[in-house]
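Descriptive analysis of the structure
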Amino acid sequence: MKDADTIVLPRLGLPEAAEDPWGEGRGEAPGEPVNGTRRMRLAAWLVPALLMGALGAVRADTPGPRMAELATWAGDTSSWRDTWSMLRSGDSMLYQLLVRAWAEYFGTSELALRGLSVLAMVTAAALVGALAARMFAPGAGVLAGVIFALLPTSARYAQEAQPYALTLLAAVLATWLLQAAVDRPRIWRFVLYAAVVGLLGLCQVTALLLLVGHGWTVLAFRREVALRWLTAAVVSALPAVGLLWLAMRQGVRLAQTSSPSLTGLAATPGELFGVTALGAALLVLVLFSLPLRYPAAVFTAWAAVPPLALLLAAQATPIWRPEFILFTLPAWATLGAAGLARCASAGRRVCWRR
C-alpha cells in the first residue's frame, strides 16, 4: 500500500504518526504486536465467513420458492434451449447460466438452488473483512466483516435464489483487484480486474455503475494509471452493455423498474440495510470514517457514487430499484467499521493521556 493520501489538506511535512494517526495505509493499528496482527488478519476473513454461513443457512431450506425466485426456478426446471431463450432480458445472464449448471449437479430443491447464493455471500463476507483489514487495520477488518454479515439484507439475499449475492461478490472482488492493480501496476492485474468487472456486468448490468466510483478514486488519487484503468473499464463493460443493447432493440426492458419517487427514496434505506433505523445508525458511523484519506475515499466512492449515478439515470428512464444498489453494502459496512475503529482509537488515546 502507498501512504495514505488526503484530499482535505496537502502534505505539510508532518511525521507519519501525525499524518496517519489511525493506522490507515499501514495495515496495522498503532502499537499492535506482529503476532496479534497476524491473528487478527486471519480473524478478519474467517469470523465473517463463519458468521455469514451460519446466518445464511438458517432459513435457506424454507419450502417453496418466494415470489422473486420464480424466474430462477422456471429456468432451472426447463431445458437448456428454453433457458437460453430466457436470457434475452439482457440482465442477470451469467447468473441464470450458472444456476442452471448448478442445478444439473445439485438438484432443484430449495436448499440446493439457494446454496449458490449462500456460498457467494460467505465468500463476499470473507473478502469484505480481508479487504478492510488490508486498507485500514486488521481490527477494522473484523468489524467490517461482522457488520456486513449481521445486516438483515445480507442474510436475506443469501437465502434467495437471485443474482444479487453473486453480483455483490463480484463487486467486492473487483474492488480488491483494483487496489492491487493501482498499487502495483502490471498489465495482468488490470486484465484480471477487467475480467471480474465483465462478470459483474453479466450478473447485473446496472452494477457496472461501480465503475463510476472506481473511476473517481483513480482520477483523484492514482492518475498515473488512469489510462490503463479506463481501457480495462471500457473493455469489461462491452459484453454486458452490448447484450443489453441487443435486448432493448428487441423491445425487452429491465423488469420491474420504475422512476424514483419521494416515497420510494424514503424507503430505500430500509430496503438496503434491512431496517431503516439500522441504516441511520450506520450512516452516522460513516461520518467518523472521514476525512477522505485514500482508504476511506475508496469505500466512500463505492458506497455513494453508484446510487447517485443510478438516481441521475432514473431521471431519464425508469430504471430505479433499491436492489440495484445492493452491491454497495460492503462499502457501507466497511465505512461503519472504520468509524467504530476510529472512535475506539480516540477513546484509547484520551485514556492514555489521562
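Just so it is clear, the model here is predicted, and its values are computed rather than measured.

Okay, the nonpolar core next. Core analysis: the largest hydrophobic core is formed by 92 residues, its most contacted members being Met52, Phe148, Tyr193, Phe299 and Trp302. Examining the composition of this core, we find that 14 residues originate from one element, helix H6 (residues 110–135), more than from any other.

All right, on to the pattern of salt bridges then. Enumeration over the complete set of coordinates arrives at four salt bridges. Measuring nitrogen to oxygen at the nearest pair gives 3.6 Å for the salt bridge that ties Arg321 to Glu323. Assessed through its relative accessible area of 16%, Glu323 is described here as buried. Each of Arg134, Asp183 and Arg222 takes part in a single network of salt bridges with overlapping partners.

Along the chain, Glu160 turns up in the loop between helix H8 (152–158) and helix H9 (164–183). Take Glu160: its relative accessible area is 7%, and that puts it in the buried class. A polar side-chain atom of Glu160 sits 2.3 Å from a polar atom in the side chain of Gln162.

In this model H9 runs 29 Å from its N-terminal to its C-terminal C-alpha over 20 residues, within 8% of the 28 Å that 1.5 Å per residue would give. Among the 20 residues of H9, 18 are classified as buried, and the element is accordingly described as predominantly covered.

As a further point, take a nonpolar patch on the surface. Judged by side-chain polarity, Leu42, Trp45, Leu46 and Leu50 come together as a nonpolar surface patch covering roughly 380 Å² of accessible area. Examined against the element boundaries, Leu46 turns out to sit in helix H2 (residues 34–57).

To continue, consider empty space enclosed by the protein. Taken as a whole, this structure holds one cavity of 30 Å³ or more when the rule is applied. Roughly 40 Å³ of internal volume is contained in the largest cavity. Surrounding the largest cavity, Met121, Thr153, Ser154, Tyr157, Tyr164, Ala165, Leu168, Leu326 and Leu329 form its lining. Those elements that provide at least two residues to the lining of the largest cavity are H8 and H9.

What follows covers the packing of aromatic side chains. Scanning the model with the defined rule gives five aromatic pairs in all. Residues Phe221 and Tyr294 carry aromatic rings whose centres are separated by 5.2 Å and whose planes lie at 70° to one another, so their mutual orientation is edge-to-face. With Phe221 in helix H11 (residues 210–221) and Tyr294 in helix H15 (residues 294–314), this pair connects stretches of sequence that are 73 residues apart. Assigned by exposure class, Phe221 and Tyr294 land together as buried. Members of the aromatic cluster, joined through ring pairs, are Phe136, Phe299 and Trp302. Over the ring of Trp176 we find Arg134, and its NZ or CZ is 5.8 Å from the ring centre.

Of the residues in the chain, 66% reach a pLDDT of 70 or more, and the chain-wide mean stands at 77. Least confident of the elements in the chain is helix H1 (residues 16–19), whose mean pLDDT is 39; most confident is H9, at 95. Note that residues 6–23 has pLDDT below 50 and, in this model, 32 contacts with residues that lie over four places away or in other chains. Predicted confidence for residues 25–35 stays below pLDDT 50, and this span has 28 contacts to residues more than four positions away or in other chains.

What follows deals with the packing of H9 against helix H10 (residues 187–203). The interhelical angle for the contact between H9 and H10, taken along N-to-C directions, is 160°, at an axis separation of 9 Å. Overall, the two elements H9 and H10 adopt an arrangement that is roughly antiparallel. Crossing hand, H9 versus H10: left-handed. Contact residues: H9 offers Leu166, Thr167, Ala170, Ala171, Leu173, Ala174, Leu177, Leu178, Ala180 and Ala181, while H10 offers Arg189, Phe190, Leu192, Tyr193, Val196, Val197, Leu200 and Cys203.

In this section: the UniProt feature "transmembrane region" (unreviewed entry) in the chain. On the UniProt side, "transmembrane region" (unreviewed entry) is annotated at positions that read residues 42–60, 118–151, 163–181, 187–213, 225–248, 272–290, 297–318 and 324–344 here. Secondary structure content for residues 118–151 is 91% helix and 0% strand, while the C-alpha to C-alpha distance between its ends is 14 Å. Within residues 163–181, the helical portion is 95% and the strand portion 0%, while the C-alpha atoms at the span's ends are 27 Å from each other.

Tracing the backbone shows Thr167 in helix H9. Within the structure, Thr167 has its side chain in polar contact with the backbone oxygen of Pro163 (distance 2.8 Å). Ignoring anything within four residues of it in the chain, the contact list for Thr167 reads Leu200, Cys203, Gln204, Ala207 and Phe327.

A few words on the environment of Trp102. Mapped onto the elements of the fold, Trp102 is located in helix H5 (residues 93–106). Trp102 sits in the buried class, given a relative accessible area of 19%. Between the C-alpha atom of Trp102 and that of Gly115, which follows or precedes it by 13 residues, the distance is 9.3 Å. Leaving out residues up to four positions away in the same chain, Trp102 has contacts with Gly107, Ala112, Leu113, Gly115, Leu116 and Leu119.

Parameters at a glance
Residues numbered from 1 in each chain as written. Predicted model: local features only at pLDDT ≥ 70, side-chain atom pairs only at ≥ 80, totals over all residues. Heavy atoms only, no water. Core = buried A, V, L, I, M, F, W, Y, C linked by side-chain atoms within 4.5 Å. Buried < 20%, exposed > 50% of the residue type's maximum accessible area, 1.4 Å probe, protein only. Helix = DSSP H or I, 4+ residues; strand = E, 2+ residues; numbered from the N terminus. Salt bridge = Lys/Arg side-chain N within 4 Å of Asp/Glu carboxyl O. Polar contact = N/O pair within 3.5 Å; in protein donor to acceptor, adjacent residues only side chain to side chain. Expected span 1.5 Å × (residues − 1). Patch = residues over 30% accessible without salt bridge, like charges linked within 9 Å, V, L, I, M, F, W, Y side chains within 5 Å. Areas by Shrake-Rupley, 256 points an atom, 1.4 Å probe, with all protein chains shown as cover. 1 Å grid on protein atoms, 1.4 Å probe; cavity = no way out; pocket = protein on both sides within 12 Å on 5 of 7 lines; lining within 4 Å. Points joined across faces, edges and corners; volume = space filled by probe spheres on them. Phe/Tyr/Trp six-rings, centres within 6.5 Å; stacked < 30°, edge-to-face > 60°. Lys NZ or Arg CZ within 6 Å of the ring centre and 35° of its normal. pLDDT = per-residue confidence, 0-100. Contact = heavy atoms within 4.5 Å. Axes fitted to C-alpha atoms, helices over the stretch in contact; angles between N-to-C directions. Parallel < 35°, antiparallel > 145°, perpendicular 65-115°, else oblique. Left-handed = near helix turned anticlockwise from the far one by under 90°. UniProt positions renumbered as here; feature names shortened; annotations may be inferred.

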